[in-house]
Structure formats: structure tokens, C-alpha cells
Amino acid sequence: MTSLGMTTVTLESLAIEFFRQSEGKWHSQRRYYTLNKDVEPQEVESIIEVEYLTQDAPELIELARLHQLDSQNALVCGTKISWTSNYTGTIRKPSTGSTVFGIAGDKLYRDRGFATSSPVVATFTFTNPQTLCLKTEYNNSVFLEEIKLVGENYRTRQTIISRAGQEIMIGQYLEKRQ
């Protein structure tokens, strides 16, 4: 991941615009590839709803409290993401949930992580105004994620999960605005 060499204000401004452009309902198709086992990729289809949150949103005030930030208005913006997911080719029940993200400086605060229900903090940067890059570390794992806006109606995402310095899984996503 490279950075545009931005100030905090510019970084936060890019995040605000990126989150605003991401607002809406998305159909997500994704595959998870397990790298250290010879297994078929796992395919998942989801409906994702992204809601832009302003600084005074109750969800962001609660997220600031959860992370014990100094001010209830420490987070300049954020998103609430809700989803319903169906795993294809398996007997798993559909999965539903939601999560809240909030931005302050170069940190993205979350109420939960990808593989934990505990609050987590990621660092973020932009390689360009349409591409958000995240790095999250917890439980001896590193999660690198890139989310790219492609025009007004598509997003791509890629997540690389590593444990103990070894890449173990790659998730690739194509999302179409509904």
C-alpha cells in the first residue's frame, strides 16, 4: 500500500467523500481462497447496505465511547454497514449482521473485526481518491484490504489475511450498486 503523502485533514476529507460515494445498497459476489489447504474456494453472495454517518450520529458517539476516545465527537464521519449473506454450495444458514466504522486522523475505528466481535482499529490510506486501503492487526493476524470505487455503480474489494507472517486466505469481491 502506498500513500498519497496527505495531511490528516486531506485524509479525512478523502474518507468523507469515499464513504458518501459508497452509500447505498450493493449486491456483493465474493470468493475466499484458502492458501494453505487444498480446498475449493468458498463463494458468498450478499446484499450490503451502506449508510453514511455524520460526526453527530448516535452510532459514532457510541463507537467513540466503545474505543474510549477523549471526545464523543472524535470521529469525523463513518458508515454503518448491514448485510445478509448466502453461502453457495454449502448447507450454512444465511448470515446477517451489521458493523459501524468511524474515522479520526489515519485511523478507522470499528465496533468489530472480520474475525472477532471485539472492537478493532485499522490504519488507512488512499492510493488515489477512489481506492481505500486498510491494515488491521489483532489475534496474531494481519488483514490488508483494498476497496476501490469503479465508476458510480461498482466496487471491487480484496482482502489478504496473514497469520504469523504467512498469507492464509484471499477474499475477492465484486459489488454492484442496486
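Conventions we followed
Residues numbered from 1 in each chain as written. Predicted model: local features only at pLDDT ≥ 70, side-chain atom pairs only at ≥ 80, totals over all residues. Heavy atoms only, no water. Phe/Tyr/Trp six-rings, centres within 6.5 Å; stacked < 30°, edge-to-face > 60°. Helix = DSSP H or I, 4+ residues; strand = E, 2+ residues; numbered from the N terminus. Buried < 20%, exposed > 50% of the residue type's maximum accessible area, 1.4 Å probe, protein only. Lys NZ or Arg CZ within 6 Å of the ring centre and 35° of its normal. Pairing = 2+ DSSP bridges. Axes fitted to C-alpha atoms, helices over the stretch in contact; angles between N-to-C directions.

Colleague: Would you mind showing me how to read the packing of aromatic side chains here?
Modeller: The full count for this structure, using the stated rule, is 7 aromatic pairs. Relative to Phe-114, the ring of Tyr-32 has its centre 6.2 Å away and its plane inclined at 50 degrees; by these criteria the two rings are tilted. Of this pair, Tyr-32 sits in strand β1 (residues 24–34) while Phe-114 sits in the loop between β5 (107–110) and β6 (120–128), and the two are 82 residues apart along the sequence. We classify Tyr-32 as buried; its relative accessible area is 9%. Relative accessible area serves as the criterion here: at 43%, Phe-114 is assigned to the partly exposed category. For the ring pair Tyr-32 and Tyr-173, a centre distance of 6.0 Å and an interplane angle of 85 degrees mean the geometry is edge-to-face. Note that Tyr-32 is positioned in strand β1 and Tyr-173 in strand β10 (residues 166–177), a separation of 141 residues in sequence. Both residues of the pair, Tyr-32 and Tyr-173, count as buried. Each residue in the set Tyr-32, Phe-114, Tyr-138, Phe-143 and Tyr-173 is aromatic and connected to the rest through ring pairs, giving one cluster. The lysine or arginine in question, Arg-155, covers the ring of Trp-26, its NZ or CZ lying 5.0 Å from the ring centre. Here Arg-157 stacks its cationic end above the ring of Tyr-173, 4.0 Å away from the centre of that ring.

Colleague: It is not clear to me how the sheet that holds strand β3 (residues 77–88) should be interpreted in this structure. Could you clarify?
Modeller: Hydrogen bonding along the main chain pairs the strands of a sheet, whether they run parallel or antiparallel. With antiparallel pairing, 10 strands are arranged side by side around a closed barrel as β1-β2-β3-β4-β5-β6-β7-β8-β9-β10. If you compare each strand with its neighbour and ignore which way they point, the axes differ by 25 degrees on average. Bridge count for strand β4 (residues 95–104) against β5 is 4 bridges, and the pairing is antiparallel. Across the sheet, Ile-103 pairs through a bridge with Leu-108, a residue of β5.

Geometric values such as these leave the question of function open.
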